[in-house]
Amino acid sequence: MRGITDVPSSVDDLTRRQRLVLVFLAGITSVVLVYTGVYYWGMAVLEGRPRTPFQALNTVIETLTTTGFGADSPWQSPWMNLLVAAMQVTGVAMGFVTLRVLVIPLFERTPIHLDDRLTPKDDHVVVAEYRRDTGVLLDELEELGVDYVLVESDVEEAKQLSDDGYQVIDGDPADRADLERASIRKASVLITDAGEETASVVLTALELNEALRVVSFTPSTRRKAALAEVGVDRSVAPHALIGERLAAKATTPVVAPGDVGGDEVVVREILVRRDSELHGVRVGSSPLARHPELTLVAGWFDGDLRVPPSPDDRLTSNTVLVVAGPERVVEEAASEAAGVRRPRARDHSRVVVAGLGEGGRAAVATLGDAAVTTVDPVEAADPDVVGDATEPETLEAAGIQDASALVVTVDDDATALLTVALARSMSDDVEILARVTDHEKTSAAFRAGADYALSVQRVSARLVAAEVHGERVMDPVNQIRLVRAAADPFVGQRVGDAGDPDEDWTVVGVARNGDVLTGDDTVVEATDEVFVAGSDRAIQRFEKRTD
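Residues numbered from 1 in each chain as written. Predicted model: local features only at pLDDT ≥ 70, side-chain atom pairs only at ≥ 80, totals over all residues. Heavy atoms only, no water.

Participant: With reference to specific residues and values, describe the overall build of the protein.
Facilitator: In terms of helices and strands, the protein carries 17 helices and 22 strands. Across the 547 residues in the protein, those meeting the buried criterion constitute 50%. Taking contacts inside the protein between residues at least 6 apart in sequence as the whole, the part at least 24 apart equals 65%. (Helix = DSSP H or I, 4+ residues; strand = E, 2+ residues; numbered from the N terminus. Buried < 20%, exposed > 50% of the residue type's maximum accessible area, 1.4 Å probe, protein only. Contact = heavy atoms within 4.5 Å.)

Below, the structure is given as structure tokens:
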């Protein structure tokens, strides 16, 4: 047995770095000795001012380290001046080499404690792993001002995220000590996306903090019951959720007429494109919200339907605004807003669903009474048409030319984009709603021909933010309805004040003497009829209350 195992027994046992350091030190020693000898000789022969070897050594070191030249300067001989100049240049070069060989590697080998980079935590969110593009989620939380700590098991990934400025520590989220490092006892919410370790993470966290609200991501809705047993308050299957929201979007009516004296009140959608002048504008500042004859009934924001949208909501690409008002005014407003597109008026009675995975099955279930044709390459999935959705013959067999909508929920983004492009080339009228995994592929889906696209990453991040921030997000299967009702409950009120946002319905306008009045300042009279718009459930509640 070796007595001191850390000490190499011979040069052959040295590491590559140890050998490099030895060569470096030997090189410096040799340079100093050579310069000392030459300087000793030059001062005696060329300058006529002999120095002892130690005086010569001291002057050489002073010059190499650029700290001074002692009492020997100036030198009369040109050769001695050249020698001193050479020593100065050598000293600067040696400084750079010393940094690279000794100093920088020393700091690189210093252990990094990511805990030291955390700010004090209280009433925060602990994210235990996250497998759907961590940066998208953390950016969403930071934009909302939500304090958090991410526990990441991949050490290198944790270091990279921490270097990028995120609040991250490396560790095992199923380990009590690592959760303690994340201040789990002071946290209010736990977000977990730990796959098979989810149950272990949740149980460990709840042992440390029973008051935690737990939100968990799961690959399948079949695990929801089991997760509820271990203490998960809300479990989300992202692919199924996206399928539901695409189907809900496909079945939301965009035209609801209320004919009055030749004029017509309609509810229609306006899609905000990336190059639109509305992109980046807050809802309350948009010309659609400030138009005296229009009412913003609702808006789709990353798959969330909000009735009505908040004035502080920011319009981004893929936002769909649901606008109500006289048909003529709606058409003019849509055409004046450059870069926006009004989806075709449609009543989706025939829908093709491409991809029968978790998302596809959820879409079919949400479509309800619509005539649905399903497409999947796997016969075991029991689709109506077995085949590849990227092949024209398959979409033709599914009736794409006669379909009102195509919901794309295939397994990968490349296939989804090709399916969208093929469907658009085969039909100009079909409305295409697509799911992509990578949020950066959303713009590509639009270029391929999609009318609406949702990314798993973005919707998952928005859902977490909504849960944590307490945003009111509607059930995605709600639809928009427009009804006419007696004015009795609203007599004397202004149209702009007559709605009830807490009930998810709003008054759009009134019918009076054959005219439609939609201005916010219009006062409701007893002989008027009012137009009320809102979610399907909200309108049902409204009708029961007024009846």
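Participant: Lay out the sheet that holds strand β16 (residues 405-408) with the relevant residues and their values.
Facilitator: Spatial strand order, β15-β14-β13-β16-β17-β18: six strands in an open sheet with parallel pairing. Looking at the sheet topology across the chains shown, the edges are occupied by β15 (385-386) and β18 (452-455). Taken together, the two bridges between strand β14 (residues 371-376) and β15 define a ladder with parallel strand orientation. Bridge assignment links Asp376 to a residue of β15, and that residue is Val386. Contacting β13 (350-354), β14, β16 and β17 (431-436), helix α12 (residues 358-367) crosses the sheet at an angle of about 165° to β13. Contacts from helix α14 (residues 413-426) reach β13, β16 and β17, with the element oriented near 170° to β17. (Pairing = 2+ DSSP bridges. Axes fitted to C-alpha atoms, helices over the stretch in contact; angles between N-to-C directions.)

Participant: Tell me about a negative patch on the surface, and name the residues and values.
Facilitator: There is a patch of like negative charges on the surface, built from Asp133, Asp139, Glu142, Glu143 and Glu440. Within the secondary structure, Glu143 sits in helix α4 (residues 134-143). Judged by its relative accessible area of 66%, Glu143 falls in the exposed class. (Patch = residues over 30% accessible without salt bridge, like charges linked within 9 Å, V, L, I, M, F, W, Y side chains within 5 Å. Areas by Shrake-Rupley, 256 points an atom, 1.4 Å probe, with all protein chains shown as cover. Salt bridge = Lys/Arg side-chain N within 4 Å of Asp/Glu carboxyl O. Lys, Arg positive; Asp, Glu negative; His and termini not counted. Charge placed at Lys NZ, Arg CZ, Asp CG, Glu CD.)

Participant: How would you explain the confidence of the model for the protein if you had to name every residue and give the values?
Facilitator: Overall, the prediction assigns the protein a mean pLDDT of 80, with 83% of residues at 70 or greater. Within the model, the stretch residues 1-7 combines pLDDT values under 50 with three contacts to residues more than four positions away or in other chains. Every residue in residues 254-262 is under pLDDT 50, and counting partners more than four places away or in other chains gives 30 contacts. (pLDDT = per-residue confidence, 0-100.)

Participant: Give a detailed account of α12, specifying residues and quantitative values.
Facilitator: Buried residues dominate α12, accounting for seven of its 10 residues. Just downstream of α12, Gly368 is the residue with a positive phi angle, here 60°.

Participant: Tell me what's going on with the side chain of Thr419, and back it up with residues and numbers.
Facilitator: Of note, Thr419 is situated in helix α14. Assessed through its relative accessible area of 0%, Thr419 is described here as buried. Engagement of the side chain of Thr419 in a polar contact is seen with the backbone oxygen of Thr415, the distance being 2.8 Å. (Polar contact = N/O pair within 3.5 Å; in protein donor to acceptor, adjacent residues only side chain to side chain.)

Participant: A description of the sheet that holds strand β6 (residues 234-236) should follow, citing residues and the corresponding values.
Facilitator: Sheet architecture is open: six strands sit in the order β3-β2-β1-β4-β5-β6, paired in parallel fashion. Two strands in the sheet have a free side with no partner beyond their single neighbour: β3 (168-170) and β6. Within this sheet the neighbouring strands show an average axis-to-axis angle of 20°, counted without direction. By the bridge criterion, four bridges tie strand β1 (residues 125-128) to strand β4 (residues 189-192) in an arrangement that is parallel. Note on β4: the bridge partner recorded for Ala128 is Thr192. In the packing of α4 onto the sheet, the strands contacted are β1, β2 (148-152) and β3, and the crossing angle to β2 comes to about 165°. Against the sheet, helix α5 (residues 155-163) makes contact with β2 and β3, and its axis sits at roughly 160° relative to β3, the strand it touches most.

Participant: Go over the environment of Ala250 with me, naming the residues and quoting the values.
Facilitator: Inspection of the secondary structure assignment puts Ala250 in helix α9 (residues 238-251). Through-space distance from the C-alpha of Ala250 to that of Ser349 is 9.7 Å; in sequence the pair is 99 residues apart.

Participant: Describe a nonpolar patch on the surface, naming the residues involved and giving the relevant values.
Facilitator: A cluster of nonpolar side chains, contributed by Trp41, Val45, Leu46, Trp79 and Leu82, occupies part of the molecular surface with about 570 Å² of accessible area. Contributions of two or more residues to the nonpolar patch are made by α1 (16-45) and α3 (78-108). Residue placement: Trp41 occurs in helix α1.

Participant: Go over the pairing of β18 with me, naming the residues and quoting the values.
Facilitator: In β18, alternate side chains face the same way, and those of Tyr452 and Leu454 on one face and Ala453 and Ser455 on the other are all buried. The pairing of β17 with β18 spans four bridges and is classified as parallel. By the bridge assignment, Val436 is partnered in β18 with Ser455. For the segment spanning β17, helix α15 (residues 442-448) and β18, crossover handedness is right-handed. (Right-handed = clockwise from strand over helix to strand, strands pointing away.)

Participant: Provide a residue-level description of the pattern of salt bridges, including the pertinent values.
Facilitator: Counting across every chain of the model gives 14 salt bridges. Between Arg181 and Asp115 there is a salt bridge, with the nearest N and O atoms lying 2.8 Å from each other. Taken together, the residues span a long stretch of sequence, with Arg181 in helix α6 (residues 176-181) and Asp115 in the loop between α3 and β1 at a distance of 66 residues. A salt bridge links Arg494 to Asp521, with the shortest nitrogen-to-oxygen separation between them at 2.5 Å. Of this pair, Arg494 sits in the loop between β19 (480-486) and β20 (505-512) while Asp521 sits in the loop between β21 (515-517) and β22 (529-535), and the two are 27 residues apart along the sequence. With relative accessibility at 59%, the residue Asp521 sits in the exposed group.

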